[in-house]
Amino acid sequence: MNKEQNTSLENVLNALKNEKVVAYPTEAVFGLGCDPDSERAVHALLDLKQRTWEKGLILIAANYEQLLSYVDDAKLSGERRAEVFSYWPGPVTWVMPAKSTTPKWLTGRFSTIAVRVSDHPLVQTLCSQFGKPLVSTSANLSGLEPCRTAQEVRVQFGDVFPVVDADVGGRMNPSEIRDALTGELFRQG
């Protein structure tokens, strides 16, 4: 990581700690993210995206352990857990049973939560240094294409928007989404 990226990462980490929405590269597109435990930050993200809370959100993490505060791991059989882990880290999002304590601002109208352990090095670093997962949704204003560069993020959200200036991974499509209890495919990756 060069000095400019390191400064950018430091600024984004400070913004996250201050309950701000940030942008960062993922496997295919830039993501908008925030502290999943901050209702204020999540509502700011939803307002920015013009997205209703009922849909629920994705959490992106450096490792599975970061997700255990939100996921009801006891509801996964060993076989199902093994299948999930066979895709991680990587671009597959799994819809898992949520703990009863997981905030509704994350799960929406569901009793599940969508989670992913990313293989993007910068996401790994960001989540590791922040110490927990991030809310993750594509960085784009309603009706516009998801941003694939930091410059596109600045065009859509403004020059002062906290963004990690780095490259997205090589994937062309957003993450695949599957049901962790059944393996059912919800969205092709």
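Quick note: structure is the one above.
Let me begin by describing the structure that accompanies this report. All values reported here derive from a predicted model rather than from experimental measurement. (Residues numbered from 1 in each chain as written. Predicted model: local features only at pLDDT ≥ 70, side-chain atom pairs only at ≥ 80, totals over all residues. Heavy atoms only, no water.)

Points about the overall build of the protein
Here is step 1: When its secondary structure is counted, the protein shows six helices and eight strands.
Here is step 2: Taking 16 Å as the expected radius of gyration for a compact globule of 189 residues, we find that the protein reaches 15 Å, a close match to that expectation.
Here is step 3: Expressed along its principal axes, the backbone C-alpha trace of the protein runs to roughly 45 × 30 × 30 Å.
Here is step 4: When burial is assessed residue by residue, the protein has 50% of its 189 residues classed as buried.
Here is step 5: In the protein, 66% of the contacts between residues at least 6 apart in sequence involve partners at least 24 apart.
Here is step 6: Accessible surface computed for the protein: about 8,900 Å², of which carbon and sulfur atoms make up 49%.
Here is step 7: Counting 20 positive and 23 negative side-chain charges, the protein places the averaged centre of each group 3 Å from the other. (Helix = DSSP H or I, 4+ residues; strand = E, 2+ residues; numbered from the N terminus. Rg over C-alpha atoms; globule rule 2.2 N^0.38 Å. Buried < 20%, exposed > 50% of the residue type's maximum accessible area, 1.4 Å probe, protein only. Contact = heavy atoms within 4.5 Å. Areas by Shrake-Rupley, 256 points an atom, 1.4 Å probe, with all protein chains shown as cover. Lys, Arg positive; Asp, Glu negative; His and termini not counted. Charge placed at Lys NZ, Arg CZ, Asp CG, Glu CD.)

A few points about the layout of surface pockets
Here is step 1: In this structure, the largest pocket spans a volume of roughly 600 Å³.
Here is step 2: The set of elements that each furnish at least two residues to the lining of the largest pocket consists of strand 2 (30–33), strand 5 (112–117), strand 6 (134–138) and strand 8 (185–187).
Here is step 3: Sort the elements by how many residues they give to the lining of the largest pocket and strand 5 lands first, with four residues.
Here is step 4: The residue inventory of the lining of the largest pocket, partitioned by class, reads 14 nonpolar, 10 polar and six charged. (1 Å grid on protein atoms, 1.4 Å probe; cavity = no way out; pocket = protein on both sides within 12 Å on 5 of 7 lines; lining within 4 Å. Points joined across faces, edges and corners; volume = space filled by probe spheres on them. Nonpolar A, V, L, I, M, F, W, Y, C, P; charged D, E, K, R; others polar.)

Some details on unusual backbone geometry
Here is step 1: Here the amide bond leading from Trp88 into Pro89 is cis, since omega sits at -10°, within 30 degrees of zero.
Here is step 2: Positionally, Pro89 belongs in the loop between helix 3 (78–87) and strand 4 (92–97).
Here is step 3: Positioned with a positive phi, Glu19 is a non-glycine residue whose angle comes to about 60°.
Here is step 4: Its place among the elements puts Glu19 in the loop between helix 1 (3–17) and strand 1 (22–25).
Here is step 5: For Glu19, a relative accessible area of 31% gives the class partly exposed.
Here is step 6: Here Gln50, not a glycine, exhibits a phi torsion of approximately 55°, which is positive.

A few points about the environment of Pro103
Here is step 1: Mapped onto the fold, Pro103 is located in the loop between strand 4 and helix 4 (104–107).
Here is step 2: When its relative accessible area of 16% is taken as the criterion, Pro103 is described as buried.
Here is step 3: Pro103 sits 66 residues away from Asp37 along the chain, and the two C-alpha atoms are 7.9 Å apart.

Some thoughts on the pattern of salt bridges
Here is step 1: With the rule as written, the count across this model stands at nine salt bridges.
Here is step 2: Asp72 is the salt-bridge partner of Lys75, the closest N and O atoms lying 3.7 Å from each other.
Here is step 3: By relative accessible area, which is 54% here, Lys75 ends up exposed.
Here is step 4: Close ionic contact of Arg80 with Glu83 constitutes a salt bridge, the shortest N to O distance being 2.6 Å. With Arg80 and Glu83 both in helix 3 and three residues apart, the pair spans about one turn of that helix. (Salt bridge = Lys/Arg side-chain N within 4 Å of Asp/Glu carboxyl O.)

Concerning helix 2 (residues 39–49)
Here is step 1: Buried residues of helix 2: Ala41, Val42, Leu45, Leu46 and Lys49, and no others. Considered in projection along helix 2, the buried side chains sweep an arc of 135° and stay on one side of the axis. Turned more than 90 degrees away from the buried face of helix 2, the exposed residues are Arg40 and Asp47.
Here is step 2: One or two steps after helix 2, the chain reaches Gln50, where phi turns positive at roughly 55°. (Arc of directions from axis to C-beta.)

Some remarks on the packing of aromatic side chains
Here is step 1: Taken as a whole, this structure holds five aromatic pairs when the rule is applied.
Here is step 2: Summarising the aromatic geometry, the rings of Tyr87 and Trp94 are spaced 5.5 Å apart at their centres and angled 65° between planes, so their arrangement reads as edge-to-face.
Here is step 3: Judged by relative accessible area, which is 33%, Tyr87 ranks as partly exposed.
Here is step 4: With relative accessibility at 0%, the residue Trp94 sits in the buried group.
Here is step 5: Every member of this aromatic cluster is reached through a ring pair, and the members are Tyr64, Phe85 and Trp88. (Phe/Tyr/Trp six-rings, centres within 6.5 Å; stacked < 30°, edge-to-face > 60°.)

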